There are 4 protein chains.
Amino acid sequence: MSDYNFRLDLEVRDYECDMQGVVNNAVYQNYLEHTRHEFIKQLGLDFAELTRQGIILVVVRAELDYKKSLQSGDRFWIGTRLQRESRIRFAFYQDIYRYPDNELILQAKVIGTSLNDKGRPKLPKQIEAALAG
Amino acid sequence: MSDYNFRLDLEVRDYECDMQGVVNNAVYQNYLEHTRHEFIKQLGLDFAELTRQGIILVVVRAELDYKKSLQSGDRFWIGTRLQRESRIRFAFYQDIYRYPDNELILQAKVIGTSLNDKGRPKLPKQIEAALAG
Amino acid sequence: MSDYNFRLDLEVRDYECDMQGVVNNAVYQNYLEHTRHEFIKQLGLDFAELTRQGIILVVVRAELDYKKSLQSGDRFWIGTRLQRESRIRFAFYQDIYRYPDNELILQAKVIGTSLNDKGRPKLPKQIEAALAG
Amino acid sequence: MSDYNFRLDLEVRDYECDMQGVVNNAVYQNYLEHTRHEFIKQLGLDFAELTRQGIILVVVRAELDYKKSLQSGDRFWIGTRLQRESRIRFAFYQDIYRYPDNELILQAKVIGTSLNDKGRPKLPKQIEAALAG
């Protein structure tokens, strides 16, 4: 846990499972996005508020390694670490672990940037501060 | 609360919101389904396990009254009451209230039945017991 | 078909199916919404454009009768009929039929209204015209 | 187009857009999965039928480069190329282009394998044949 800046507990919902009886691949991106938004909320950044202000946080690349499947009833946690990727890009390293055995389910690296209302890359100061921290 | 057999707390996730900036209409059915599955789990019935056994719980009718919209960041609770509708049908009365003001967001009535592996309506004994209780 | 103002052909996508191997109940609302938006586009109304203008089309009530399930690979069509419900409310009668046997899958009645930027009910003139037609 | 084994035309549905008014990142994985399933259907492989037979096609890694956003009303096509990645792994190279300007929206590489009912990697002969082709 010491490796992560933020950690969120979630639980599989049955509508997230597909005909194979496991969580559908696309749903993991929902989990990851929700965790990122909760994380930046803790940094003082609200995604909806940013959107209203014309500051658009965008994902430019996602890498997802599917290790094991989550199933109906599974509880899990998502660890997230933020790291600077370049002057205008930042990376979220996000790992999903199943409870109670801490089995690794998915490893992801999600690279983002943020655009101001002129469409130019511009990091909010709260993200700059978190990257500097 | 005394009117409900079961109550679940949830929170809006940003990916559930559409371009109007509010939770999309279809997503409320996800919330309601998840709540029903958590409720029947408390009755000793696991939806995934039932599916594997060939017992199919089906929704035959849903009525949803949309009163107000949920938005990004909203926390809410879903109250659920189970009631017999006919010999082989049961109804879930499900209401969604926003925290902290308990504003009513949605009222729903979801009628279901269950089919055995021959496709015949047959209620699991746990549901019969809950309806009798 | 003569009963419908609009008809749309769609096809089940596997990610729309849940662990029971059939289209999840909530997904039908996606199908219905998409059909309504395509229908009003034909009336000269673009949902996204309306949203940008501050005109909010809202669903106030949905009734869905689930008759049969759609499965992986199924093709189907959705017939939609628009009818005035009251001075400020309109109803979409929407039925889903499976190809090629025209088996009835779902019957729905979706009641909507539209709100102007002051939050007051106000029907766009294109909908008034369609209701008058 | 000559670079792709398969091509599918789709269109943005409004419920796929999030509060930023663009298609949500996770939805692209739905588009890609649907395209892969349509592609393998053309190879004589039905995903649902394979699942019933206990043959599980799994994604082990996905890389997605988000170039531009799709919006409400956009039509687009997905080109897919299949290539052997290792003895038991295959890769789908999948690119999304917007109509009518053929603007590149997303580039993806999705690596999969297939497991037999004993959980061992085993490629269906139709995929072997396509990889050999």
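Residues numbered from 1 in each chain as written. Chains lettered and ligands numbered in written order. Predicted model: local features only at pLDDT ≥ 70, side-chain atom pairs only at ≥ 80, totals over all residues.

## Considerations on the overall build of chain A
So, step 1. A count of helices and strands for chain A gives three helices and five strands.
So, step 2. Counted from the first residue to the last, chain A has its helices and strands arranged as β-α-α-β-β-β-β-α.
So, step 3. Seen through its C-alpha atoms, chain A measures out along the principal axes to roughly 45 × 30 × 25 Å.
So, step 4. Per-residue burial over chain A gives 38% buried out of 133 residues.
So, step 5. Contacts in chain A between residues far apart in sequence, at least 24 positions, make up 64% of those at least 6 positions apart. (Helix = DSSP H or I, 4+ residues; strand = E, 2+ residues; numbered from the N terminus. Buried ≥ 20, exposed ≤ 12 C-beta atoms within 10 Å, placed from the backbone. Contact = placed C-beta atoms within 7 Å.)

## Side note on the interface of chain C and chain B
So, step 1. Chain C puts 18 residues into the contact, and the matching count from chain B is 18 residues.
So, step 2. Those elements giving two or more residues to the side of chain C that touches chain B turn out to be α1 (25–42), α2 (47–52) and β2 (56–66) of chain C.
So, step 3. Here the element with the most residues in the side of chain C that touches chain B is β2 of chain C; it accounts for nine residues.
So, step 4. Broken down by class, the residue content of the side of chain C that touches chain B amounts to nine nonpolar, five polar and four charged. (Nonpolar A, V, L, I, M, F, W, Y, C, P; charged D, E, K, R; others polar.)

## Focus: the packing of helix α1 (residues 25–42) of chain B against α1 of chain C
So, step 1. Between α1 of chain B and α1 of chain C, the shortest axis-to-axis distance is 8 Å and the interhelical angle comes to 175°. Between α1 of chain B and α1 of chain C, the angle falls in the class roughly antiparallel. Residues Asn25, Ala26, Gln29, Asn30 and Glu33 of chain B of α1 of chain B lie in contact with α1 of chain C, whose contacting residues are Asn25, Ala26, Gln29, Asn30 and Glu33 of chain C.
So, step 2. Taken together, the residues that form the contact of α1 of chain B with α1 of chain C break down as two nonpolar, six polar and two charged. (Axes fitted to C-alpha atoms, helices over the stretch in contact; angles between N-to-C directions. Parallel < 35°, antiparallel > 145°, perpendicular 65-115°, else oblique.)

## Quick notes on the interface of chain D and chain A
So, step 1. Counting from both sides, the interface comprises 18 residues of chain D and, opposite them, 18 residues of chain A.
So, step 2. For the side of chain D that touches chain A, the secondary-structure elements that each account for two or more residues are α1 (25–42), α2 (47–52) and β2 (56–66) of chain D.
So, step 3. The greatest single-element share of the side of chain D that touches chain A, amounting to nine residues, is contributed by β2 of chain D.
So, step 4. Direction of pairing for strand β2 (residues 56–66) of chain A relative to β2 of chain D: antiparallel, over a ladder of five bridges. Bridge pairing in β2 of chain D places Leu64 of chain A opposite Ala62 of chain D. (Pairing = 2+ DSSP bridges.)

## Thoughts on the pairing of strand β3 (residues 75–84) of chain A
Residue and element names in this part refer to chain A.
So, step 1. As defined by bridge partners, strand β1 (residues 6–11) adjoins β3 across six bridges and the pair is classed as antiparallel. Of the residues in β3, the one forming a bridge with Asp9 is Trp77.
So, step 2. As paired elements, β3 and strand β4 (residues 90–98) share nine bridges and run antiparallel to each other. Residue pairing for β4: Arg84 is matched across the bridge by Phe90.
So, step 3. Connecting the antiparallel pair β3 and β4 is a turn made up of five residues.

## What to know about the relation of the copies chain D and chain A
So, step 1. In screw terms, the move from chain D to chain A is a rotation of 180° and a rise of 0.0 Å along the axis, fitting with an RMSD of 0.0 Å. Between the two chains, the operation in question is that of a two-fold axis. Using C-alpha coordinates, one finds that chain D approaches the rotation axis most closely at Glu63 of chain D, a distance of 2.2 Å.
So, step 2. Of the interface residues in chain D, 100% have counterparts in chain A that sit at the interface too, so the contact is made through matching surfaces. (Least-squares fit on C-alpha atoms with pLDDT ≥ 70 in both.)

## Topic: the relation of the copies chain C and chain B
Each copy of the chain is related to the other by a rotation around an axis and a translation along that axis.
So, step 1. Relative to chain B, chain C is turned by 180° and slid 0.0 Å along the rotation axis, the superposed coordinates differing by an RMSD of 0.0 Å.
So, step 2. Interface overlap between copies is the fraction of interface residues in one copy that are interface residues in the other; for chain C against chain B it reaches 100%, indicating a shared surface.

## Things to note about the sheet that holds β4 of chain A
So, step 1. Pairing within the open sheet is antiparallel, and its ten strands lie in the order β1(A)-β3(A)-β4(A)-β5(A)-β2(A)-β2(D)-β5(D)-β4(D)-β3(D)-β1(D). Of all the strands in the sheet, the pair left with one neighbour each is β1 of chain A together with β1 (6–11) of chain D. Averaged over all pairs of adjacent strands, the angle between strand axes in this sheet comes to 25°, irrespective of strand direction.
So, step 2. Sitting on the sheet, helix α1 (residues 25–42) of chain A is in contact with β1, β2, β3, β4 and β5 (103–115) of chain A together with β2 of chain D, with an inclination near 60° to β3 of chain A.

## Focus: α1 of chain A
All names here are of chain A.
So, step 1. In a regular helix each residue adds 1.5 Å, so 18 residues correspond to 26 Å; α1 covers 27 Å between its end C-alpha atoms and thus fits that length.
So, step 2. Of all 18 residues that make up α1, 14 are buried, and the element is covered over most of its length.
So, step 3. Where α1 terminates, the next one or two residues include Gly44, which has phi positive at roughly 95°. (Expected span 1.5 Å × (residues − 1).)

## Regarding the nonpolar core
So, step 1. Residues Tyr28 of chain A, Tyr28 of chain B, Tyr28 of chain C together with Tyr28 of chain D are the most contacted members of the largest nonpolar core, which totals 113 residues.
So, step 2. Setting aside residues no more than four positions away along its own chain, Tyr28 of chain B makes contact with Val23, Leu64, Ile96 and Leu106 of chain B. (Core = buried A, V, L, I, M, F, W, Y, C linked by C-beta atoms within 7 Å.)

## Focus: unusual backbone geometry
All names here are of chain B.
So, step 1. The omega torsion across Tyr99 and Pro100 is -10°, close enough to zero to call that bond cis.
So, step 2. Of note, Pro100 is situated in the loop between β4 (90–98) and β5 (103–115).
So, step 3. Positioned with a positive phi, Asn102 is a non-glycine residue whose angle comes to about 55°.
So, step 4. With respect to the helices and strands, Asn102 occurs in the loop between β4 and β5.

## Considerations on the confidence of the model for chain A
Residue and element names in this part refer to chain A.
So, step 1. Chain-level pLDDT for chain A is 94 on average; 98% of the residues reach the 70-or-more range.
So, step 2. Ranking the helices and strands of chain A by mean pLDDT puts β1 first, with 98, and helix α3 (residues 125–132) last, with 86.
So, step 3. For this predicted complex, the interface confidence score (ipTM) comes to 0.95, while the overall pTM stands at 0.96. (pLDDT = per-residue confidence, 0-100.)

## Overview of the environment of Glu103 of chain A
Residue and element names in this part refer to chain A.
So, step 1. If you trace the backbone, Glu103 turns up in strand β5.
So, step 2. Judged by the 14 C-beta atoms lying within 10 Å of it, Glu103 falls in the partly exposed class.
So, step 3. The spatial distance from the C-alpha of Glu103 to the C-alpha of Phe76 is 9.3 Å, given a sequence separation of 27 residues.
So, step 4. Apart from the residues lying within four places of it in its own chain, the contact partners of Glu103 are Lys68, Tyr97 and Arg98.

## Quick word on the sheet that holds β2 of chain C
So, step 1. Spatially, β1(B)-β3(B)-β4(B)-β5(B)-β2(B)-β2(C)-β5(C)-β4(C)-β3(C)-β1(C) is the arrangement adopted by the ten strands of the open sheet, whose pairing is antiparallel. Where the open sheet ends on each side, the last strands, each with one partner, are β1 (6–11) of chain B together with β1 (6–11) of chain C. Taken over all neighbouring pairs, the strand axes of this sheet differ in orientation by 25° on average, direction set aside.
So, step 2. Relative to β5 of chain B, β4 of chain B is paired through nine bridges, and the arrangement is antiparallel. Looking across to β5 of chain B, one finds that Tyr97 of chain B is bridged to Leu104 of chain B.

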